[in-house]
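Commentary on secondary and tertiary structure
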Amino acid sequence: MDRARWLAERRVAVEREYTAEGPSYDEYDPATPVHRRFVSRLIGSVPAGGSVLDAACGTAPYAGMVIAAGLDYVGADQSGGMLNVARAKWPDARFEHVGLQELPFEGSFDGIMCTDAMENVPPEEWPVVVSAFARALRPGGHLYLTIEEIDRAQIERAFAMLEAAGSPTVVGEVVEGDTAGYHFYPDRERADRWLADAGFQPIEHADERLDGYGYRHLLLRKPVRSTPEADTTRLSRR
């Protein structure tokens, strides 16, 4: 099987899994205190009456925080099942049935969040997605992004298993376990380079370790004016 076909099948598997999980997904609360702190930081960066895009919103666990702050909330997700739950919870909010790779927005938002979702994006599509975030943001707008991480040994075991099975895989991809059918874990330098290439500047960073995995929580800013080079080597802790 060629890689493009394999990735297309993996994406279908992920969408199918999340759609099936939609009705019961809120039984699992994905929001840790660090998630909520960064969502609050993002909300605080948005001007009064501004707008926030929740990209890969799932069942919209953060919609209430955005709406309570008096901001316009827009959720987008490729999973119809997740959106059905989100719309039932927030009938007056706007939701778009679209994947991260197809986000169509141009200068529409003052803030964007994308939590617990980039792990479902393959390396070929990371630049596509983060460039779409940059296009969707107004100058000076902020992006809150989480990047899931696991131990290097787990990544190497998964690569060996996929390669032995004849899958057209690259290092960092995992399809077994709690992955909904596909996860990709980029190393930090590579992820930072993709974000810098899209024009983002780092504002705040926190590491969070959980049971068997963890998150990088990143708050980034789209410059008011483009700069020749973003700093990808130093992320401030606050």
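In what follows, the structure referred to is the one given above.
We now turn to the structure provided with this report. (Residues numbered from 1 in each chain as written. Predicted model: local features only at pLDDT ≥ 70, side-chain atom pairs only at ≥ 80, totals over all residues. Heavy atoms only, no water.)

Side note on the pairing of strand E4 (residues 109–114)
For a regular strand, the rule is simple: side chains alternate between the two faces of the sheet. For E4, the tally of buried residues reaches 6 of 6 residues, placing the bulk of the element in the interior. The pairing of strand E1 (residues 51–55) with E4 spans 3 bridges and is parallel. Across the sheet, residue Leu 53 finds its bridge partner in E4, namely Ile 112. Judged from the 5 bridges that link them, E4 and strand E5 (residues 137–149) form a sheet pairing that is parallel. Of the residues in E5, the one forming a bridge with Phe 109 is Leu 137. Handedness of the β-α-β unit built from E4, helix H5 (residues 126–136) and E5 comes out right-handed. (Buried < 20%, exposed > 50% of the residue type's maximum accessible area, 1.4 Å probe, protein only. Helix = DSSP H or I, 4+ residues; strand = E, 2+ residues; numbered from the N terminus. Pairing = 2+ DSSP bridges. Right-handed = clockwise from strand over helix to strand, strands pointing away.)

What to know about the state of the cysteines
Applying the stated rule across the entire model yields 0 disulfides. Of all cysteine sulfurs, the one in Cys 114 lies closest to Cys 57, which takes part in no disulfide; the gap is 10 Å. You can call Cys 57 buried: its relative accessible area is 4%. (Disulfide = S-S within 2.5 Å.)

A word on the pairing of E1
Buried residues dominate E1, accounting for 5 of its 5 residues. The two faces of E1 match: Ser 51, Leu 53 and Ala 55 on one face and Val 52 and Asp 54 on the other face are all buried. As paired elements, E1 and strand E2 (residues 72–77) share 5 bridges and run parallel to each other. Looking at E2, one finds that Leu 53 is bridged to Val 74. Remark: the E1/helix H3 (residues 63–68)/E2 crossover connection has right-handed handedness.

Focus on the packing of H5 against helix H7 (residues 188–197)
Put simply, H5 and H7 touch, their axes get as near as 9 Å, and they point 45° apart. Accordingly, the angle class assigned to the pair H5 and H7 is oblique. Helix-helix and strand crossings are classified by hand; for H5 and H7 the assignment is right-handed. Between H5, through Trp 126, Pro 127 and Val 130, and H7, the contact on the second element is made entirely by Ala 191, Trp 194 and Leu 195. A breakdown of the residues in the contact of H5 with H7 according to their chemical character gives 6 nonpolar, no polar and no charged. (Axes fitted to C-alpha atoms, helices over the stretch in contact; angles between N-to-C directions. Parallel < 35°, antiparallel > 145°, perpendicular 65-115°, else oblique. Left-handed = near helix turned anticlockwise from the far one by under 90°. Contact = heavy atoms within 4.5 Å. Nonpolar A, V, L, I, M, F, W, Y, C, P; charged D, E, K, R; others polar.)

Points about the pattern of salt bridges
Once the charged atoms of two side chains with opposite charge are near each other, the side chains can pair. Scanning the entire structure with this criterion turns up 16 salt bridges. In this structure, the salt-bridge partner of Arg 135 is Glu 106, at a minimum N-O distance of 3.8 Å. Residue Arg 135 is found in helix H5, and its partner Glu 106 is found in the loop between strand E3 (94–97) and E4; the two are separated by 29 residues along the sequence. A relative accessible area of 55% means that Glu 106 is categorised as exposed. Of the charged contacts in the structure, one is a salt bridge between Glu 156 and Arg 152, with a shortest N-O distance of 3.5 Å. With a gap of 4 residues between them, Glu 156 and Arg 152 both fall in helix H6 (residues 152–164), about one helical turn apart. Judged by its relative accessible area of 47%, Glu 156 falls in the partly exposed class. The network of salt bridges with shared partners includes Arg 3, Glu 124 and Glu 173. (Salt bridge = Lys/Arg side-chain N within 4 Å of Asp/Glu carboxyl O.)

A closer look at the sheet that holds E2
Strand order in the open sheet made by the 7 strands is E3-E2-E1-E4-E5-E9-E8, with mixed pairing throughout. Unpaired on one side and paired on the other, E3 and strand E8 (201–209) mark the two borders of the sheet. Between one strand axis and the next, the sheet turns by 15° as a mean value, whatever way the strands run. Where E2 meets E3, 4 bridges bridge the pair, whose relative direction is parallel. In the sheet register, Ala 76 faces E3, and the bridge partner there is Glu 96.

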